[in-house]
Every structure is written in C-alpha cells, then in structure tokens.
Amino acid sequence: MSFKDLASFEPLKKLSRAPIDLSVDGAINEKRIEKLSAENLGFKLLYATERVSQEVMEKLFSLAQEAKAIEKMHAMQEGKVINYIEGFESEKRTVLHTAMRDFFENPVSTMQAKEAASLALAELKKLELFIKKIDKKFDAIVQIGIGGSYAGPRAIYEALKAYQEPNKKVFFIVNVDPDEAAFVLKQVDLKKTLFVSVSKSGTTIETLSNEEFVRDHLKKAGLNPKDHIVAITGKKSPMDDPSKYLESFYIWDYVGGRFSATSMVGGVMLSFALGIDNFKKILQGANKVDKSVLSKDVHKNLPLLDALLGIWNRNFLFLDTLAIIPYSAALSYLILHLEQCDMESNGKSVDQMGKFIEFYSGPIVFGDVGTNAQHSFFQFLHQGTGLVATEFIGFRKTQYSEDFKFANSTMQDKLLANLFAQSLSLAVGEKSSNYNKLFLGNHPNHILLSNQLDPFTMGALISHFEHKIAFQGFIWGINSFDQEGVQLGKKLANKMLDHLSGKKEFGLAKAYLKHLESFSK
Ligand code: G6Q
C-alpha cells in the first residue's frame, strides 16, 4: 500500500494543520520535557521540542504499524530479498548488514542470516589472527577507499580516537586527487605502513588509481607491495586476487557500502587502531540496537521513534532539511557518514512498486559539531527564511579524563549548557519589538543523549541511524538499499576520459576542454 493510502495519513494531515506552537508561553515546560522522552540501551531521546502532541505520536505509531515497519525490519534481518523495484531491473538482493555483528545473544535463526553471520564471524576470526601477526610490524595504517568504503569507518575511527592504541597512526586516501595521496605518503614511513585497499566492487576507479599510486611508491622505495597492502573486497571481484596482497578480507553483495562500517570494511583499520576488543565492543553495541528495532514497543525502539519524528517533519510539516549537530568534536565525521547514509538511501522518487511517489522522501542532511555550528550557520536556523529540523546528539561525560573549570563552570558543562540552550531557543524563540532581534521559534528539534562516547555506544549510534533510515524507507515504501542515482555521473566521466585519451570523441567534452586549454594561452 502506498504511503499516502495508509489509514493514518489523512488524520495526521488534519493534525498537521494546527500542530502545537512551541513558542507559546509555557508550551515547553518541565512536565513536557519529562514526558516526551524515551530511553533504551543507554540512550535517551528527548523530543519535547518537536511539534508533536500525544495524539500526533499515537497516529505516527499507527502509521508505522500500518506500513508494517517492524515486519519489514524482521524481513530485512532474516535475509528476505527486500532490495528490489517491482517490474524493473534492479539489484534484487537481500540486505544483511546486521548479520555482520550477529554473533552475540539471540542471533537471527533463518538460513540466510545464519550463513551470512557465520561468514562474517570467520572473517572476524581471520582478522584477529592477522592483527596479532602484524601488530609489531606496522606503526601506521592507511585506508584507501571512497563512499561507503570510507565514510562510516572514518566516522567510527574519529569518534573513538580517544581509545587509539599508542604508537599507531591512521590515515585515509579517498579522492582520486593525486595531491591527497601524495600528502598522506609524505607523512608515513613506508617501511612501517600497512595499506588497506577497500572496494566491495573492486572496480572503483578512485580506489584502484590510489592503490596503484601506492604500489608505485612502495616499489620505488625498494619495498614489495604484497607485504604492505591488504585487500577488502567482494568474492570474485577484480580485486579478489590474494597473490597480490598480504591478506584478503571479504564482504558480500548483501552488505551495502554505506551500511558496511561494521564489516571488514571498517574492521581491519579499526582493529589495528583501537584493538580487536574495542572493535568487538562496537559490534556488540550495534547488535544490541539491531535487536531493539525488532521490538513493537516504540518507546524502546528509539530508531523507529526517530524515524517517525522525521516523517512528521518531512511529510506533514514539509521541512526539507535536517541538521545533525553533535555536541562532541569526536563526531564531526558522523555527519559526513549520515549525509551519505541518509541521502543515498532515501533520496529516491520511485517507490518499490516502480511508481513515482507523490510525497516527499528523504531530507537534505547537513551539519557540523556544536558549538562550532553556533558560530556559523545557526543564524539561518534561528532567523533564516527556510525551516530546518535539527537532531542534536550529546554525552554527559567527556572521553578523556581532562576537563577544565573556567568562569565558574567546566568546559563540558559549557558544551552541554549550549546543547540544551540551542534546543530550547530554536523551539521557544524570543519575542521582541525589534524585528531584527525577534526569534520566531517553533523550530522542531530533538536530542539523542547518552552517558559517554565509547566503542559500545558508537556501535549503537551507527546502528541507530542505519535503522532510522531503513524505517523511513519502509514506511515510505521506497527501496533504501540501491543507489542508481550515482551511476549517470560515472558514465559521463568515463565518456570524458575516453575523449581525453583519444579513444572516442565526445562533443560536449570538447566544449569543456576548450575552457581548460584557454589557461595555457
Ligand atoms: C554506498 C555506495 C557507494 C560505494 C562507493 C565505493 O552505499 O554504494 O558509496 O560504497 O562507490 O564502492 P566500492 O566499495 O565498490 O569501491
């Protein structure tokens, strides 16, 4: 059934004509902050500052039920083919990133899920041995990869740098921009550096170019590339050639790139940098959330709750942008990961039945860490003409034991005070007869709060957002697991390159080349 035909759609539309005005005096009070909150697995979701009432929430819960959101989540984790578009050529795959960490309690018992989990566990065991073997040999690791083979792993690494083992350095080569690779290679001692070349398809030109660039450097330094490069790729991909690598690790087509951070795509670099035990804690945190999203109790299913608040803002209040603002410098790369994970998954205009949708799907996602963002684009959030929904993330405790008291409060107190103040001020606003100082308020936002950013919590956070995004896709009836939208640009880039190398003429390339060539005149 299409999203707009769900029984709760019209009642929600009616409710959206007069949603609560958060800027009215007393609209946000202690009782509301107490009541509009949910808690599970060490996370609290505080949503008093969303434009929702009890009635709206109940209808949103019904909407999720009518869309069979939980049933679809079961189907996903059980390994049913859910990555497809009816009536059109499509990937027709299962979606089993949750199996990459389903080795703890109560594993999913279907054959597909069990087989995927056991293959993943075998890779993890291989990784454990590999890390022991190479531990003393290398002091730096360079992950070569792009898109899903970069953003999630980097988000996790940056989040957990506080747990990094001493004398281990981590670098990333992502872009096909030779300056990026050259700069990284300048900073490492090649003799003591391990490169992990990560490409599920084994065909991504950026990654292949960078790997060859690195091979060339290693050879020129008198080193054997095979002793320094590890491959992480799909079985039978063009990169699946163990004779060229120190070790080869595998992933499978049922793990989408942007959902692959907890597979070997993130595993090798994270285990090298943070230790295998910390990597396992990340997996455990993610797995706990995977189990929680199978719960029909929406108050214990925080990703579903988060998804529904997003749907309210997107489809009923018509907000097209979502700002992600973590009040934690360590989460700066989470934003990049979520930009990809959300927009690549839900930036779709066709539903799973192959029909154009007549409602909005995924929002524009952007962000920066707080308080930095306050000193840049928050002006727009408070007084701009576009309405933006905001998702704040915060932690009670610091990662390092260091904090500092200045002007009567600690720095962590200042960070958290700013987080709550921004959430409130966006919602409540401020009256003034000076229009330039008037804050209309009523900007919906919520806070995801936890005690401390540690490996378990980071794994849980990654899984939280993976499932929030999947739930939205399930409710909208779209396929969140393919990414056809990125193909056209790739095709045209290849035509441009064919023109540049003289292989085949491309008229439009000529027009651009003319501009490039004009610089040499
Ligand atoms: C993610 C996308 C995409 C992909 C990259 C890298 O979901 O599919 O971002 O991860 O294009 O692909 P490879 O891992 O195949 O090099």
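Residues numbered from 1 in each chain as written. Predicted model: local features only at pLDDT ≥ 70, side-chain atom pairs only at ≥ 80, totals over all residues. Heavy atoms only, no water.

Moving on to the sheet that holds strand S6 (residues 169–173). Strands sit in the order S6-S5-S7-S8-S9 across an open sheet of five strands; the sheet is parallel. Whereas interior strands pair on both sides, the edge strands pair on one side only; in this sheet they are S6 and strand S9 (247–251). Put simply, the sheet's adjacent strands are angled 20° from each other on average, direction ignored. Its contacts with the sheet place helix H7 (residues 178–187) against strand S5 (140–144), S6 and strand S7 (193–199), and it is angled at close to 160° to S6. (Pairing = 2+ DSSP bridges. Helix = DSSP H or I, 4+ residues; strand = E, 2+ residues; numbered from the N terminus. Axes fitted to C-alpha atoms, helices over the stretch in contact; angles between N-to-C directions. Contact = heavy atoms within 4.5 Å.)

Backbone torsion omega between Gly370 and Thr371 reads 10°, so that peptide bond is classified as cis. If you check the backbone angles, Lys68 has positive phi at about 60° while not being a glycine. Along the chain, Lys68 falls in the loop between helix H3 (54–66) and helix H4 (69–78). The phi angle at Lys236 is positive, at roughly 70°, despite the residue not being glycine. You can see Lys236 is positioned in the loop between strand S8 (229–234) and S9. Taking the relative accessible area as the measure of exposure, Lys236 reaches 80% and is therefore exposed. (Buried < 20%, exposed > 50% of the residue type's maximum accessible area, 1.4 Å probe, protein only.)

Moving on, we get to the packing of aromatic side chains. One pass over the full model with this rule turns up 17 aromatic pairs. Measuring from ring centre to ring centre gives 5.8 Å for Phe377 and Phe378, while their planes differ by 45°; the resulting arrangement is tilted. With centroids separated by 6.3 Å and ring planes inclined at 85°, the aromatic side chains of Phe471 and Phe474 adopt a geometry described as edge-to-face. Residue Phe471 and its partner Phe474 are both found in helix H15 (residues 455–476); the two are separated by three residues, about one turn of the helix. (Phe/Tyr/Trp six-rings, centres within 6.5 Å; stacked < 30°, edge-to-face > 60°.)

Glancing now at the packing of helix H10 (residues 276–292) against H15. Contact pair H10 / H15: the axes reach a minimum separation of 6 Å and the direction vectors enclose 40°. When the axes of H10 and H15 are compared, the pair comes out oblique. As H10 packs across H15, the resulting crossing turns out to be right-handed. Between H10, through Asn278, Lys281, Ile282, Gln284, Gly285, Ala286, Lys288, Val289 and Asp290, and H15, the contact on the second element is made entirely by Pro455, Phe456, Gly459, Ala460, Ser463, His464 and His467. Here the contact of H10 with H15 is built from residues that sort into six nonpolar, seven polar and three charged. (Parallel < 35°, antiparallel > 145°, perpendicular 65-115°, else oblique. Left-handed = near helix turned anticlockwise from the far one by under 90°. Nonpolar A, V, L, I, M, F, W, Y, C, P; charged D, E, K, R; others polar.)

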